[in-house]
Amino acid sequence: SSGINAEYGASHYFTLKVSLSIQICKQSRVSEEVVIDAKCSIKRSYIGDGVKIGPHTKIADCVIMAGVTIESNVTLANCVICLGAVIRSKSSLKDCRVCDGFEVRGGSEYTDETLIGDEDNMMSFNIDNSHNSSSGDENVMR
């Protein structure tokens, strides 16, 4: 698909597909070589180099690192999406951290999770500081 270069901020350029029906608020930062498809909304977020964002996607209060692919109809709120992660279509994540290279399956919903590994062998960590063991360890994983 053909694209155009759009000026954003002082010296940032990103690539848009032909449709320009997107919303990017002034508090967002979009890096270079980013592809943003039609009918997307980006609010108060950072989008890293080479990110691809599919149509009908909503991103708010997020950090999206380089090389991430976000497919269509995705909603991300207050998330950190690390290098090379893939968020498949119709997924919804809120208050999540997605680690390097992790692939979120289409239609997934997560809230307040740290996604590590692959989705078949996913690990999620919560640190409980309320328990003090006799060994002096202050952090206990549960």
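Quantities reported herein were computed from a predicted structural model and do not represent experimental measurements. (Residues numbered from 1 in each chain as written. Predicted model: local features only at pLDDT ≥ 70, side-chain atom pairs only at ≥ 80, totals over all residues. Heavy atoms only, no water.)

From N to C terminus, the protein includes zero helices and 21 strands. Per-residue burial over the protein gives 36% buried out of 142 residues. Excluding contacts between residues fewer than 6 apart, the proportion of contacts in the protein whose partners are at least 24 apart in sequence is 0%. (Helix = DSSP H or I, 4+ residues; strand = E, 2+ residues; numbered from the N terminus. Buried < 20%, exposed > 50% of the residue type's maximum accessible area, 1.4 Å probe, protein only. Contact = heavy atoms within 4.5 Å.)

Turning our eyes to something else, we now look at the sheet that holds strand β16 (residues 97-98). The sheet built from six strands is open, its strands ordered β4-β7-β10-β13-β16-β19 with parallel pairing. A strand with exactly one partner marks an edge of an open sheet, and here the two such strands are β4 (29-30) and β19 (114-115). Note that strand β7 (residues 46-47) and strand β10 (residues 63-64) share two bridges and pair parallel. Following the sheet pairing, I47 is matched in β10 by I64. (Pairing = 2+ DSSP bridges.)

The phi torsion at E33 lies on the positive side, around 55°, for a residue other than glycine. Mapped onto the elements of the fold, E33 is located in the loop between β4 and β5 (35-36). A positive phi angle, close to 55°, is found at D61, a residue other than glycine. Here D61 lies in the loop between β9 (58-60) and β10. The partly exposed category is assigned to D61, whose relative accessible area is 36%.

One pass over the structure, following the stated rule, counts four salt bridges. Between E71 and R88 there is a salt bridge; the shortest N-O distance is 2.4 Å. In this pair, E71 sits in the loop between β11 (69-70) and β12 (75-77) while R88 sits in the loop between β14 (86-87) and β15 (92-94), placing the two residues 17 residues apart along the sequence. Residues joined in a network through salt bridges with shared partners are E71, R88 and E103. (Salt bridge = Lys/Arg side-chain N within 4 Å of Asp/Glu carboxyl O.)

Taken over all residues, the pLDDT of the protein has a mean of 80, while the share at 70 or more is 68%. Counting interchain partners and residues more than four positions distant, the pLDDT-below-50 stretch residues 1-5 has twelve contacts. Counting contacts from residues 127-142, a segment whose pLDDT is below 50, to residues more than four positions away or on other chains yields 19 contacts. (pLDDT = per-residue confidence, 0-100.)

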